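Structural characterization, general
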Amino acid sequence: MRNIAATVSYDGTDFNGFQSQPYGRTIQQEIELAIKKLTGEDIIILGSGRTDAGVHAMGQVFNFHTESTIPAERWAIALNTRLPKDIVILEAHEVPEAFHSRRSAKRKTYRYTIDMGKFPDVFYRRYAFHHPTPLNVEAMQKGLSFLVGEHDFTSFTSIHSTKPHHVRTIYEAYFEREGQMLHMYMTGNGFLYNMIRIVMGTLLHVGHGKLKPEDMARILKGRKRSLAGPTAMPHGLMLMKVEYPEEM
């Protein structure tokens, strides 16, 4: 058996998330179906993480074990001819047997995008949350800085989280302007269910002056979901990249 790892990008608009579900279209099911058409194998792929319904990815990673002899460099083009247009395999490599797309990951980077224009950019409508009300971005950046480091992020995850603990490390987090778009980037060793969307929903309150930047630290220490703001819309969120040790 060979272990193949692949990087995939997708427009999550018309999907019910990455992971297979009893109902609704998912990225995992589409990729597994493409592999079935290509090799005849019934394979379950392992994703580096789940993305919710409506969330996009530029650099999601998955791996799978196969008996196929197709060269690693041919997998991307072979699968892309069998996938729908809103899923594109960017590259594929043969990796060590021990490689696991989720367990082996060291860093993940997400981006949340807000369209701050008076009118929405029609070409960004699927990938940015339109929010024309003025925001104090400087205050939002200050508030975001309190989340960098190792913390218990219970306040910033869904009450439906099934993780055994909520301690995660954020390596960097910052805002970046691009025209009328405001991007928030967060890189960490892992993220919880709805974590980035709740962080953004809370930071919007900071941007409106409803919360002070320092309140982000208070909310973090409180470890209660009720202390944080609402969950921001899913379509503004994108998984940018997943990083692994060089030996992997």
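Coordinates for the structure precede this section.
Residues numbered from 1 in each chain as written. Predicted model: local features only at pLDDT ≥ 70, side-chain atom pairs only at ≥ 80, totals over all residues. Heavy atoms only, no water.

Bringing the overall build of the chain into the picture now. From N to C terminus, the chain includes five helices and 10 strands. On C-alpha atoms alone, the chain measures out to a radius of gyration of 19 Å, which is about the 18 Å that the 2.2 N^0.38 rule sets for 248 residues. Projected onto the principal axes, the alpha-carbon positions of the chain cover approximately 60 × 40 × 35 Å. Put simply, the chain has 248 residues, and 54% of those count as buried. Partitioning the contacts of the chain with sequence separation of at least 6, the portion at a separation of at least 24 is 70%. Surface accessibility of the chain: about 12200 Å² in total, with carbon and sulfur atoms responsible for 53%. Counting 30 positive and 26 negative side-chain charges, the chain places the averaged centre of each group 7 Å from the other. (Helix = DSSP H or I, 4+ residues; strand = E, 2+ residues; numbered from the N terminus. Rg over C-alpha atoms; globule rule 2.2 N^0.38 Å. Buried < 20%, exposed > 50% of the residue type's maximum accessible area, 1.4 Å probe, protein only. Contact = heavy atoms within 4.5 Å. Areas by Shrake-Rupley, 256 points an atom, 1.4 Å probe, with all protein chains shown as cover. Lys, Arg positive; Asp, Glu negative; His and termini not counted. Charge placed at Lys NZ, Arg CZ, Asp CG, Glu CD.)

Phi at Asn194 is positive, roughly 65 degrees, even though this residue is not glycine. Summarising the element assignment, Asn194 is placed in the loop between strand 9 (181–188) and helix 4 (195–208). Overall, the relative accessible area of 16% leaves Asn194 in the buried class. Its identity as a non-glycine residue notwithstanding, Arg223 has a phi of 55 degrees, on the positive side. Relative to the elements of secondary structure, Arg223 occurs in the loop between helix 5 (215–222) and strand 10 (237–243). Judged by its relative accessible area of 51%, Arg223 is exposed.

The subject of this paragraph is the side chain of Thr26. Relative to the assigned elements, Thr26 resides in the loop between strand 1 (2–10) and helix 1 (27–39). Overall, the relative accessible area of 0% leaves Thr26 in the buried class. At 2.9 Å, the side chain of Thr26 and the side chain of Gln29 are in polar contact. With residues near it in sequence (within four places) discarded, Thr26 still touches Phe15, Asn16, Gly17, Phe18, Gln19, Ser20 and Gln21. (Polar contact = N/O pair within 3.5 Å; in protein donor to acceptor, adjacent residues only side chain to side chain.)

For strand 10, a buried count of five out of seven residues is recorded, marking the element as mostly surrounded by other parts of the structure. For strand 3 (residues 56–66) and strand 10, the ladder comprises two bridges, and the chain directions are parallel. Bridge pairing in strand 10 links His56 to Met238. Both strand 5 (residues 107–115) and strand 10 contribute to a ladder of six bridges, which runs antiparallel. Among the inter-strand pairings, Arg111 is bridged to a residue of strand 10, identified as Met238. (Pairing = 2+ DSSP bridges.)

The grouping of Arg50, Arg102, Arg103 and Lys163 at the surface amounts to a positive patch. Note that Arg50 resides in the loop between strand 2 (46–47) and strand 3. (Patch = residues over 30% accessible without salt bridge, like charges linked within 9 Å, V, L, I, M, F, W, Y side chains within 5 Å. Salt bridge = Lys/Arg side-chain N within 4 Å of Asp/Glu carboxyl O.)

Here strand 7 (residues 149–152) pairs with strand 8 (residues 167–178) via four bridges, running antiparallel. Following the sheet pairing, Glu150 is matched in strand 8 by Thr169. Pairing analysis gives eight bridges linking strand 8 to strand 9, with the strands arranged antiparallel. Bridge pairing links Glu172 to Thr187 in strand 9. Between strand 8 and strand 9, which pair antiparallel in sequence order, lie two residues; one of them, Gly179, sits at a positive phi of approximately 65 degrees.

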